[in-house]
Amino acid sequence: MQHRFLGTTGLNISVLGFGASSLGGVFHDVRLDACIETVHAALDGGINFIDVSPAYGGTLAELNLGRALQGISRDRYYLATKIGSYSEARQDFDYSRAATERSIEHSLRRLGVDYVDLIQCHDIEFADHEQIVCETLPALQRLRQEGLVRHIGITGLPLKVFPSILDRVEPGLVETILSFCHYELNDASLGDLIPYLKERGVGIINASPTGMGLLTPRGAPDWHPASAAIRSGCGRAVEFCAKNGIDIVRLAIQFACANEAISTTLVSTTSPARIRDNIASASLPLDQDELQTVLNVLKPIRNHNFTRGLPQHRDPILC
Amino acid sequence: MVIDSHHHLWSYSASEYGWIDDSMAGIRRDFLPVHFEREIRMAGVDGSVLVQARTTIEETHRLLEMAASHPFLLGVVGWVPLDSPDILPCLSSLAGTGNLKGAREVLQGRPEGSLLKPAFNAGIALLKTFDLTYDILIYQNQIQETIELVDRHPEQTFVLDHIAKPRIRDQSLEPWASDLRELARRGNVFCKVSGMVTEADPTSWTPQQLQPYFDVVLEAFGPNRLMFGSDWPVCLVGTDYAQWLGMVQSWTAPLSGAEQAAIFGETAARVYRLG
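Residues numbered from 1 in each chain as written. Chains lettered and ligands numbered in written order. Predicted model: local features only at pLDDT ≥ 70, side-chain atom pairs only at ≥ 80, totals over all residues.

**So, the overall build of chain A**
Part 1 of the argument: Per the secondary structure count, chain A includes ten helices and twelve strands.
Part 2 of the argument: Computed over its C-alpha atoms, the radius of gyration of chain A comes to 18 Å, within 12% of the 20 Å expected for a compact globule of 319 residues.
Part 3 of the argument: Judged by the C-alpha coordinates and their principal axes, chain A covers about 55 × 45 × 35 Å.
Part 4 of the argument: The proportion of buried residues among the 319 residues of chain A is 50%. (Helix = DSSP H or I, 4+ residues; strand = E, 2+ residues; numbered from the N terminus. Rg over C-alpha atoms; globule rule 2.2 N^0.38 Å. Buried ≥ 20, exposed ≤ 12 C-beta atoms within 10 Å, placed from the backbone.)

Put into structure tokens, the structure is as follows:
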């Protein structure tokens, strides 16, 4: 398993990371034994970076992850969780100091650890960035002083939320960003932001190389925010790959992991077989010709996006 | 666990340690594991990373033997001829022993362009396959070239020795501070807080002269990429083990417990894969 440094945090993380959202039943119902087996298979396969949030499954993902990590030596993995977004369905966002401190205390308890390596402001397109800069981040700094969290990051869907915060804080305060659905076969627009992030020494975490299911034979779940055009465009690529004997999930992972500026790409599953497959995919060299044929099929919808959040944080739509 | 990330051990001979000149006459003697163990026990340090002094394979073998017989020697940074055509079999045989954690050569004072030579870079590129770090021993005027080197190997762990040896006795922070900050922006570079008294005037230095240099290093690298090192016995030319440790402890006292723990052991344990 290849490793890369996460910005200037000093953390040397596996290029494939484990996203624990599946453990909360976000994509489909889960069983605890499958969760445990999958997390163990991930760690045994060389993954050393695990990302989760209290929002996934209404704390269920953290609870299941905590059970899976029982008995595992703390130095075998770097653990990241989040604060601020508790339920998008209920519009339950709270980036206040009190909610942040409470959430971290509860997350540590659910996860069964004394500290997390990375704490992230979750989906900040739903936040008032004045509050993030003046209240949330200082609260996280204090928790870092106390040793409950080691590093601080931000996450979000629209790409503009990252400069919105990074331009307003002192260098080194926000050490990582987590972006999703913007570095995959159909949408690699995160690439435009990479020079800006590298300039600031900010580590880059990319999530969901399959676009939360868009680039899988199973397709995206019902709640997926992508337009019908994006769904069908990706569906055409899935069909093309099936017809031509190309494993589209393997290709999606290879594509995401190939960019050396991205420290890790997160995949999420509750199937031990699938995580082993994904790990194997990450170590296979990328065939540029194969990649080009699939990118051609996706060309009509390339970088077409979807967005969300408060009006001032939404990206312009390309469609 | 408190870890000293940088020290040496030797059986002194004038022929092998010609670099120890008259001004350092006090260290022209044997410094063996038993001597070091006494120092660290008194200082409350639990273990260490033993670093090459002589530039021979024989030195590397001897250091590995010492580490194998003394559990407090947690890891070895040995000498290897990185630009040699035989470097691959050399690394293969040394890496098998388990105690070799990193490689170092004496890069300080090498002619301009040395760090960018193809053979040297080919050797650096091999280190990762053996899970080996590379300790960078340079003078401050070599930082820019070092930046080019580390950028060529973004997945290789580099550890900067002695904060790149700024000329503390001249009491000038620039251009060292700007160069160091630029180097520190590379996430694959870590830094040892070591060897600072040696760069000051060993006979007349003060903590106040040294502290501004520490402040730059702390701000540039952050606690999670810093590690305390004694550079014993070389440090004895101007200080002693307890005094140097106490000084770094006083500089880091304002930091949080977790940050101090990082500087005094956790960073070293993680970077050098100790225990």
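**Points about the sheet that holds strand β9 (residues 149-156) of chain A**
All names here are of chain A.
Part 1 of the argument: Taken together, the eight strands give a closed barrel; going around it, the order is β3-β4-β5-β8-β9-β10-β11-β12, and neighbouring strands pair in parallel fashion. With strand direction ignored, the average angle separating the axes of adjacent strands in the sheet is 30 degrees.
Part 2 of the argument: The pairing of strand β11 (residues 203-207) with strand β12 (residues 264-267) spans three bridges and is parallel. What sits directly across from Asn 206, in β12, is Thr 265. (Pairing = 2+ DSSP bridges. Axes fitted to C-alpha atoms, helices over the stretch in contact; angles between N-to-C directions.)

**Things to note about the sheet that holds strand β8 (residues 226-228) of chain B**
Residue and element names in this part refer to chain B.
Part 1 of the argument: With parallel pairing, eight strands are arranged side by side in an open sheet as β1-β2-β3-β4-β5-β6-β7-β8. Taken across any chain shown, the strands that pair with only one partner, and hence form the sheet edges, are β1 (3-7) and β8. Looking at each pair of strands side by side, their axes are set apart by 25 degrees on average, direction ignored.
Part 2 of the argument: The sheet contacts of helix α10 (residues 257-271) involve β1, β2 (47-51), β5 (133-137), β6 (158-160), β7 (189-193) and β8, and relative to β8 the element is tilted by about 115 degrees. (Contact = placed C-beta atoms within 7 Å.)

**Some points on unusual backbone geometry**
All names here are of chain B.
Part 1 of the argument: Cis rather than trans, the peptide bond between Glu 174 and Pro 175 has omega equal to 0 degrees.
Part 2 of the argument: Residue placement: Pro 175 occurs in the loop between β6 and α6 (176-184).
Part 3 of the argument: Across the junction of Trp 232 and Pro 233, the peptide omega takes the value 0 degrees, indicating a cis bond.
Part 4 of the argument: Looking at where Pro 233 falls in the secondary structure, it is placed in the loop between β8 and α9 (241-252).
Part 5 of the argument: Positive phi, close to 45 degrees, is recorded for Ile 163, a residue that is not glycine.
Part 6 of the argument: In this structure, Ile 163 sits in the loop between β6 and α6.

**Considerations on the interface of chain A and chain B**
Part 1 of the argument: Counting from both sides, the interface comprises 16 residues of chain A and, opposite them, 14 residues of chain B.
Part 2 of the argument: With three residues, strand β1 (residues 3-5) of chain A is the largest single contributor of residues to the side of chain A that touches chain B.
Part 3 of the argument: Classifying every residue of the side of chain A that touches chain B by side-chain character gives two nonpolar, ten polar and four charged. (Nonpolar A, V, L, I, M, F, W, Y, C, P; charged D, E, K, R; others polar.)

**Focus on the environment of Trp10(B)**
Residue and element names in this part refer to chain B.
Part 1 of the argument: Its location among the elements puts Trp 10 in the loop between β1 and α1 (33-43).
Part 2 of the argument: Each C-alpha atom, one on Trp 10 and one on Leu 63, is 9.1 Å from the other, the two residues being 53 residues apart in sequence.
Part 3 of the argument: In this structure, Trp 10 is in contact with Tyr 17, Asp 30, Phe 31 and Ala 53, ignoring residues within four places of it in sequence.

**A look at the nonpolar core**
Part 1 of the argument: If you look at the biggest cluster of nonpolar residues, it comprises 93 residues, and the most contacted ones within it are Ile50(A), Leu65(A), Ala237(A) and Ala252(A).
Part 2 of the argument: Among the elements that make up this core, the one with the highest residue count is helix α8 (residues 248-258) of chain A (eight residues).
Part 3 of the argument: When near neighbours in sequence (up to four residues on either side) are disregarded, Ile50(A) contacts Gly17(A), Phe18(A), Ala20(A), Leu65(A), Tyr77(A), Leu79(A) and Ala80(A).
Part 4 of the argument: One finds Trp79(B), Leu100(B), Leu115(B) and Leu160(B) within the second-largest nonpolar core, a separate group that totals 75 residues. (Core = buried A, V, L, I, M, F, W, Y, C linked by C-beta atoms within 7 Å.)

**Comments concerning helix α2 (residues 60-69) of chain A**
Residue and element names in this part refer to chain A.
Part 1 of the argument: For α2, the buried fraction is high: seven of the ten residues fall into the buried class.
Part 2 of the argument: Residues of α2 that are buried include every one of Ala 61, Glu 62, Leu 63, Asn 64, Leu 65, Ala 68 and Leu 69, and no others.
Part 3 of the argument: Next to the buried residues of α2 lie α1 (32-44), β4 (49-51), β5 (78-83) and α3 (97-111).
Part 4 of the argument: Note on α2: the residue one or two positions beyond its end, Gly 71, has a positive phi of about 85 degrees.

**A closer look at the packing of helix α5 (residues 143-152) of chain B against α6(B)**
Residues and elements named next belong to chain B.
Part 1 of the argument: Direction vectors running N to C along α5 and α6 enclose 5 degrees, while the axes themselves pass 9 Å from each other. Regarding the angle of α5 to α6, the classification is roughly parallel. Along the contact surface, α5 presents Ile 143, Gln 144, Thr 146 and Ile 147, while α6 presents Asp 179, Leu 180, Glu 182 and Leu 183.
Part 2 of the argument: Looking at the contact of α5 with α6 residue by residue, the classes come out as four nonpolar, two polar and two charged. (Parallel < 35°, antiparallel > 145°, perpendicular 65-115°, else oblique.)

**Structural notes on the environment of Asp187(A)**
Residues and elements named next belong to chain A.
Part 1 of the argument: Along the chain, Asp 187 turns up in the loop between β10 (176-180) and α6 (190-199).
Part 2 of the argument: Under the C-beta neighbour-count criterion, Asp 187 is labelled buried, with 23 such atoms within 10 Å.
Part 3 of the argument: Taking C-alpha positions, Asp 187 is 13 Å from Ala 229, a pair spaced 42 residues apart along the chain.
Part 4 of the argument: With residues near it in sequence (within four places) discarded, Asp 187 still touches Cys 181, His 182, Asn 303 and Asn 305.

**Section: the pairing of strand β8 (residues 116-121) of chain A**
Residue and element names in this part refer to chain A.
Part 1 of the argument: In terms of burial, β8 is a largely internal element, six of the six residues being buried.
Part 2 of the argument: Note: β5 against β8, four bridges, orientation parallel. Bridge pairing links Ile 83 to Cys 121 in β8.
Part 3 of the argument: Two elements, β8 and β9, share five bridges in a ladder whose sense is parallel. Following the sheet pairing, Gln 120 is matched in β9 by Gly 153.
Part 4 of the argument: In this region the chain leaves β8, passes through helix α4 (residues 129-145) and returns to the parallel neighbour β9; the handedness of that crossover is right-handed. (Right-handed = clockwise from strand over helix to strand, strands pointing away.)

**Brief notes about the confidence of the model for chain B**
Part 1 of the argument: Mean pLDDT over chain B: 96, with 100% of residues reaching 70 or higher.
Part 2 of the argument: Scored as a whole, the predicted complex attains pTM 0.94, and scored at its interfaces, ipTM 0.90. (pLDDT = per-residue confidence, 0-100.)

**Examining the packing of α6(B) against helix α8 (residues 207-221) of chain B**
Helix packing geometry: the angle between the two helix axes and the distance between the axes.
Residues and elements named next belong to chain B.
Part 1 of the argument: Between α6 and α8, the least distance of the axes is 9 Å, while the angle of their chain directions is 25 degrees. Comparing the axis directions of α6 and α8 gives the class roughly parallel. For the crossing formed where α6 meets α8, the hand is right-handed. Counting all contacts with α6, which are made through Ala 177, Leu 180, Arg 181 and Ala 184, the residues of α8 involved are Val 216, Val 217, Ala 220 and Phe 221.
Part 2 of the argument: Of the residues in the contact of α6 with α8, the class split is seven nonpolar, no polar and one charged. (Left-handed = near helix turned anticlockwise from the far one by under 90°.)

**Points about helix α9 (residues 272-283) of chain A**
Within an α-helix, residues lying three or four positions from one another point in the same direction, as the helix has 3.6 residues per turn.
Residue and element names in this part refer to chain A.
Part 1 of the argument: Taking 1.5 Å of rise per residue, twelve residues should cover 16 Å, and α9 covers 17 Å from first to last C-alpha, within 8% of that figure.
Part 2 of the argument: Inspection of α9 places Ile 275, Asn 278, Ile 279 and Ala 282 among the buried residues, and these make up the whole buried set. Within α9, the buried residues cover an arc of 100 degrees as seen down the axis, which keeps them to one side.
Part 3 of the argument: Looking at the packing, one finds that the buried side of α9 touches β3 (16-19), α1, α8 and β12. (Expected span 1.5 Å × (residues − 1). Arc of directions from axis to C-beta.)

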